[in-house]
Amino acid sequence: QVQLVESGGGLVQAGGSLRLSCAVSGRTFSTYVMGWFRQAPGKEREFVAAINWFGDSTSYGGSVKGRFTISRDNAKNTVYLQMNSLKPEDTAVYYCAADRSLPRVLAGTNDYWGQGTQVTVSS
């Protein structure tokens, strides 16, 4: 069983930065594709970013490309989301995602989810 625990959310002004972390339990972290999704009130869950097993290939949703960076540290069983130039429309609950299949993470049909961390961007 894999458990994902997000941290790093909070309140930030527009134009500011935050870094989210997702700590993953288990000894097989390097075998999982990791991703981030977000869900704003009244909206569907949205793909934010994904990173492959080795950390050398990434994908981003169109609304965050160029502002957000996903990375991972396999030695620490942790995936990160660096969020820069934040906008009020980035306000959402951010979820960490994991699966051994990249297509499943990209589609949001992955096996494992974190509990979410709130990010609020004020104007």
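Residues numbered from 1 in each chain as written. Predicted model: local features only at pLDDT ≥ 70, side-chain atom pairs only at ≥ 80, totals over all residues. Heavy atoms only, no water.

Caption draft 1: Local environment of the sheet that holds strand E8 (residues 78–83). On the basis of which strands lie adjacent, the open sheet formed by 4 strands has the order E1-E3-E8-E7 and antiparallel pairing. The open sheet has two edge strands, strand E1 (4–7) and strand E7 (68–73), and neither has a second partner. Here the strands of the sheet are splayed against their neighbours by 15 degrees on average, with no regard to which way each runs. In this structure, E7 lies alongside E8, joined through 6 bridges in antiparallel fashion. By the bridge assignment, Arg72 is partnered in E8 with Val79. (Pairing = 2+ DSSP bridges. Helix = DSSP H or I, 4+ residues; strand = E, 2+ residues; numbered from the N terminus. Axes fitted to C-alpha atoms, helices over the stretch in contact; angles between N-to-C directions.)

Caption draft 2: Region of interest: the packing of aromatic side chains. One pass over the full model with this rule turns up 3 aromatic pairs. Ring pairing ties together the aromatic residues Phe37, Phe47 and Trp113, which thus form one cluster. The ring of Tyr95 has Arg45 sitting right over it, with the charged end atom 4.5 Å from the ring centre. For Arg72, the ring lying beneath its charged end belongs to Phe29, and the centroid distance is 4.4 Å. (Phe/Tyr/Trp six-rings, centres within 6.5 Å; stacked < 30°, edge-to-face > 60°. Lys NZ or Arg CZ within 6 Å of the ring centre and 35° of its normal.)

Caption draft 3: Examining unusual backbone geometry more closely. Phi is positive for Asn77, close to 55 degrees, though the residue is something other than glycine. On the secondary structure map, Asn77 appears in the loop between E7 and E8. Unusually for a residue other than glycine, Ser85 sits at a positive phi of about 50 degrees. The topology assignment puts Ser85 in the loop between E8 and strand E9 (92–99). The class for Ser85 is partly exposed, based on a relative accessible area of 41%. (Buried < 20%, exposed > 50% of the residue type's maximum accessible area, 1.4 Å probe, protein only.)

Caption draft 4: Spatial organisation of the side chain of Asp99. Within the secondary structure, Asp99 sits in strand E9. In terms of polar contacts, Asp99 uses its side chain to reach the side chain of Arg104, at 3.0 Å. With residues near it in sequence (within four places) discarded, Asp99 still touches Tyr32, Val33, Arg104, Val105, Thr109, Asn110 and Asp111. (Polar contact = N/O pair within 3.5 Å; in protein donor to acceptor, adjacent residues only side chain to side chain. Contact = heavy atoms within 4.5 Å.)

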